[in-house]
Amino acid sequence: MKKSILSVICASALTVGVFAARPVLAEAITVGAILPLTGPGAVVGLAEQRGIEFAVAEINKSGGIDGRNLEVVYDDSQGKADLGILAFNKQVDLDGVQAIIGAYSGPTIAMAPLATRKKVLVLNPAAQSDKLAKASPFVVNTIPLTSDEVSVIVDYITKQAKITKAGIIYENSAAGIDSRDDFTKQFKAAGGQVTAEEPVQFGDTNFRPALLKVADTAPQVVFVCITQGHSSFADQVGQQAGFPPVVATTYMTVAMGHPASNGWMNTSIRGALKPEVEAEFKTLYKVDAVNFFHREYYNSTKLLAEVIGNVLKNGQEVTGANLRESLFKTREFDGIAKLVFDTNTADRQVDVMKVVDGKVVPAEASN
Amino acid sequence: MLLFQLFVEGIIYGIALGIVAITFAMVYRTTGIFHVAHAGILTLGGYLSWYFVSIGVPFVLALVLSAGGCAAVGVLIQKAVYEPIERRGGAPLILLIASLGVLISLQNIVAILFSPNILQFDLEWRTSTIAAGPIHLSTPQVLTAFSGIGVFLAIFYFSNHTLLGKRVKAVAANKFLADITRLQPKRVYAIVLAIASACVAVPGTMLPLDQGLQPYTGILILLVAKIAVLAGGIGNVAGTFTVAIMLGVLQNVALTFISGQWTIALTFSLFVALMLFKPTGLFRAQ
């Protein structure tokens, strides 16, 4: 009996010793990401997810945030507002996240009132509807919005390319409608004439009727704002003999360089990964190039980690309100580009690019 | 010229729509099941063809294999879902919900197995065009037209001039009588599902060959196709096909006077108006 009691005591002591010798792992910091992981917007959403995952791996590899790992809870919005709201409530109420990285204008606008009410920081690295500018004090846009980009392209095509007649093809979504309105207003103000405007439905890849109808009004260029189906769009433009050059914003970046895109122009938000980081990304994911969504979501995740780090350094609790306050206090961030937050929308450099002989080059250089 | 181009493109889309409609009608008329999972088979057809092409199978053979795969899935749905529900006395509404469940499952299986992204066939000639006077059509559009007409003629011949086609009609006309006269309706149902599913693989492949593949687009095509089924006279193959072409032309030509976002609304509004004045459809049901 004595022997067995002794054994139990020894075993207990050993067990305690084993656990005591183990370093206590600090609790991970969890943030949320609500992306279109299925549905027509999945091509964008999956690229965004890669950007986040790559940044998280890099952050955790270099010791995490103040010794704590960063973890991301992903939920699928399919690019839809209702699913975005469900995911937001789930992440905030069940997963307890205080910061969320969003995607697509519709879901982000829908989440905005909830972000205000629940004081959760929502970072928006890609959606561009103008409504996002003042959607919520807690919605922070890390890229310029539609009106900012449209003003750059309108300025270029009217002053440099001397364009006076333009058609519009836009997606029937928050971002598409805002782009149409911004372009119409600014192009007309610059003395231009809009010959036709034709919507396409989100998820629809048959652009041919819209292309035919707009081309029939003989515009010099066609302003296009679609957030998915770019490859199908470019294929179908290539099948229309004599279709005018396309002008667009960042949304069209993925189709720039397509065989049918010679002469196309678009605005591009300036930013680039460090060469060694870009090389690592390409090797890891076996891709030829780091696209806009990879880059921006990588950048926003790094920015969020920096803000969380600052909050922890100040001995504050990681709450949405503290994160927001810290972000605006820091104001300037150096990541893939210089981001300055004087308002809820980052001030960033926007360039005009053009496809010349299949290559995307700065438009100024092509003149 | 715009009007003429849109008119021709409308006819081509209508032909593809027509195949979806007459194959859906074939199942509905024979089994009495509102087979919405047909939209899932339409989608699956495209993805199977894409898969076979991606592993190096020539396009025509890929289409044949895809049709075979769709036929097998059609039979599986009949045997594993519809037949057990009917055997247990499931009401038509239960069958409809089950069919809807199969559709959603098929769409998601396709998204998981292949990708939720928009996929394009890796065929160089896919983006080539053919000009006939002032009309410019893509090669897939021309193929859609010819293959669609071919499938229509084959179904028309099958329905009216073959013994099996007449057996299908007999089963559709009176299930009870078919049962006691040893026409084996359950076997006929499986055959009909197989034929309809194989045939719908053709537009299921041709449309995405032109516009890209997506897992969730089949349902809207099927909804419009159902209008053709009802307005064309249920079971009337030629009537359904004709109305489908009219709908395709209407949706395209309407673009010359209304914005593209309203064409579907226009189509359904006209259908409601037609049903109010002529609920039996434009052509006689068979």
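Residues numbered from 1 in each chain as written. Chains lettered and ligands numbered in written order. Predicted model: local features only at pLDDT ≥ 70, side-chain atom pairs only at ≥ 80, totals over all residues. Heavy atoms only, no water.

A. Main features of the overall build of chain A. Secondary structure summary: chain A contains 12 helices and 14 strands in total. Projected onto the principal axes, the alpha-carbon positions of chain A cover approximately 100 × 40 × 35 Å. Across the 367 residues that make up chain A, the buried fraction comes to 54%. For chain A, the proportion of contacts with a sequence separation of at least 24, taken over those separated by at least 6, is 67%. Carbon together with sulfur atoms contributes 55% to the accessible area of chain A, which is approximately 15600 Å² in total. Taken together, the 35 basic and 39 acidic charged side chains of chain A have centroids lying 3 Å from each other. (Helix = DSSP H or I, 4+ residues; strand = E, 2+ residues; numbered from the N terminus. Buried < 20%, exposed > 50% of the residue type's maximum accessible area, 1.4 Å probe, protein only. Contact = heavy atoms within 4.5 Å. Areas by Shrake-Rupley, 256 points an atom, 1.4 Å probe, with all protein chains shown as cover. Lys, Arg positive; Asp, Glu negative; His and termini not counted. Charge placed at Lys NZ, Arg CZ, Asp CG, Glu CD.)

B. Geometry of the overall build of chain B. Tallying secondary structure elements over chain B gives 11 helices and 2 strands in all. Seen in sequence order, chain B has helices and strands lined up from the N terminus as α-α-α-α-β-β-α-α-α-α-α-α-α. In terms of overall dimensions, chain B is globule-like: its C-alpha atoms have a radius of gyration of 19 Å, near the 19 Å expected for 286 residues. C-alpha extents for chain B along the principal axes are approximately 60 × 50 × 35 Å. The buried share of chain B, reckoned over its 286 residues, is 54%. Taking the intrachain contacts of chain B between residues at least 6 apart in sequence as the baseline, contacts between residues at least 24 apart amount to 76%. Looking at chain B as shown, the accessible area adds up to about 12400 Å², and 72% of this sits on carbon and sulfur atoms. In chain B, 15 side chains carry a positive charge and 7 a negative one; their mean positions are 18 Å apart. (Rg over C-alpha atoms; globule rule 2.2 N^0.38 Å.)

C. Structural detail: the packing of helix α7 (residues 208–215) of chain A against helix α1 (residues 2–31) of chain B. As a packed pair, α7 of chain A and α1 of chain B sit with axes 10 Å apart at the nearest point and diverge in direction by 175°. Relative to α1 of chain B, the element α7 of chain A lies roughly antiparallel. Residues Arg208, Pro209, Leu212 and Lys213 of chain A of α7 of chain A form the contact with α1 of chain B, whose own contacting residues are Leu2, Gln5, Leu6 and Glu9 of chain B. Looking at side-chain class alone, the contact of α7 of chain A with α1 of chain B contains 4 nonpolar, 1 polar and 3 charged residues. (Axes fitted to C-alpha atoms, helices over the stretch in contact; angles between N-to-C directions. Parallel < 35°, antiparallel > 145°, perpendicular 65-115°, else oblique. Nonpolar A, V, L, I, M, F, W, Y, C, P; charged D, E, K, R; others polar.)

D. Structural view of the packing of helix α10 (residues 292–313) of chain A against helix α11 (residues 320–330) of chain A. Residue and element names in this part refer to chain A. Two elements in contact, α10 and α11, have axes separated by 9 Å at closest approach and are oriented at 105°. One way to sum up the angle between α10 and α11 is to call them roughly perpendicular. Residues Leu303, Glu306, Val307, Ile308, Asn310 and Val311 of α10 form the contact with α11, whose own contacting residues are Asn322, Leu323, Ser326, Leu327 and Thr330. Taken together, the residues of the contact of α10 with α11 break down into 6 nonpolar, 4 polar and 1 charged.

E. Just the interface of chain A and chain B, in detail. If you look at the interface, chain A gives 28 residues, while chain B gives 27 residues. Here chain A packs against chain B, burying approximately 2100 Å² in sum over the two surfaces, 50% of which is carbon and sulfur. Our enumeration of links across chain A and chain B arrives at 2 salt bridges. Between Arg126 of chain B and Asp235 of chain A there is a salt bridge; the shortest N-O distance is 2.7 Å. At the boundary of chain A and chain B, one finds 9 residue pairs in polar contact (both at pLDDT 80 or more). Broken down by secondary-structure element, the contributors of at least two residues to the side of chain A that touches chain B are α2 (42–61), β7 (193–200), α7 and α8 (230–238) of chain A. Per-class residue counts for the side of chain A that touches chain B are 10 nonpolar, 13 polar and 5 charged. (Buried area = accessible area lost by both parts, 1.4 Å probe. Salt bridge = Lys/Arg side-chain N within 4 Å of Asp/Glu carboxyl O. Polar contact = N/O pair within 3.5 Å; in protein donor to acceptor, adjacent residues only side chain to side chain.)

F. Spatial organisation of the pattern of salt bridges. All names here are of chain A. This model, assessed by the stated rule, comprises 19 salt bridges over all chains. With its nearest N and O atoms 3.1 Å apart, the salt bridge here joins Lys213 to Glu198. On the criterion of sequence distance, the pair formed by Lys213 in helix α7 and Glu198 in strand β7 is long-range, its members being 15 residues apart. Overall, the relative accessible area of 2% leaves Glu198 in the buried class. The partner of Arg348 in a salt bridge is Glu296, with the nearest N and O atoms 2.8 Å apart. Of this pair, Arg348 sits in the loop between β12 (338–340) and β13 (350–356) while Glu296 sits in helix α10; the two residues are 52 residues apart in sequence, bridging distant segments of the chain. Under the relative-accessibility criterion, Arg348 is labelled buried at 8%. What you see here is one network of salt bridges that share partners, running through Arg331, Glu332, Lys338 and Asp342.

G. Spatial organisation of the sheet that holds β7 of chain A. Residues and elements named next belong to chain A. Pairing within the open sheet is mixed, and its 7 strands lie in the order β7-β6-β8-β9-β10-β13-β14. Two strands close off the open sheet at either side, each with one partner strand: β7 and β14 (359–362). Across the sheet, the mean angle separating the axes of adjacent strands is 30° when strand polarity is ignored. Bridge count between strand β6 (residues 165–171) and strand β8 (residues 221–225): 5 bridges; the pairing is parallel. (Pairing = 2+ DSSP bridges.)

H. Structural detail: the confidence of the model for chain B. On average, residues of chain B score 91 in pLDDT, and 99% of them are at 70 or above. Across the interfaces of the predicted complex, the ipTM metric reaches 0.80, alongside a pTM of 0.79. (pLDDT = per-residue confidence, 0-100.)

I. The arrangement of the environment of Ile15 of chain B in detail. Residue and element names in this part refer to chain B. Mapped onto the secondary structure, Ile15 falls in helix α1. Expressed as a C-alpha distance, the spacing of Ile15 and Phe152, which sit 137 residues apart in the sequence, is 8.7 Å. Excluding its chain neighbours within four sequence positions, the residues that come into contact with Ile15 are Thr144, Ala145, Gly148, Ile149, Phe241 and Ile245.

J. Local environment of unusual backbone geometry. Residue and element names in this part refer to chain A. Unlike most non-glycine residues, Lys162 shows phi in positive territory, near 55°. Its location among the elements puts Lys162 in the loop between α5 (146–159) and β6. The phi dihedral of Arg331 falls on the positive side, at around 65°, and the residue is not glycine. Relative to the helices and strands, Arg331 is located in the loop between α11 and β11 (332–334).

K. Summary view of the environment of Ile65 of chain A. Residue and element names in this part refer to chain A. Residue position: Ile65 is located in the loop between α2 and β2 (70–76). Residue Ile65 is classed as buried on the basis of its relative accessible area, which comes to 4%. In sequence terms Ile65 and Lys313 are 248 residues apart; their C-alpha atoms lie 9.8 Å from each other. Sequence-distant contacts of Ile65, that is, excluding residues within four places in its chain, are made with Ile29, Ile59, Leu70, Ala305, Ile308, Gly309 and Leu312.

L. How the structure looks around the environment of Trp50 of chain B. Residues and elements named next belong to chain B. With respect to the helices, strands and loops of the structure, Trp50 is situated in helix α2 (residues 38–54). Relative accessible area serves as the criterion here: at 19%, Trp50 is assigned to the buried category. In the structure, Trp50 is positioned 85 residues away from Ile135 in sequence and 28 Å away in space, judged by C-alpha atoms. Each residue touching Trp50, except ones within four places of it in the same chain, is listed here: Phe114, Leu119, Gln120, Phe121 and Leu213.

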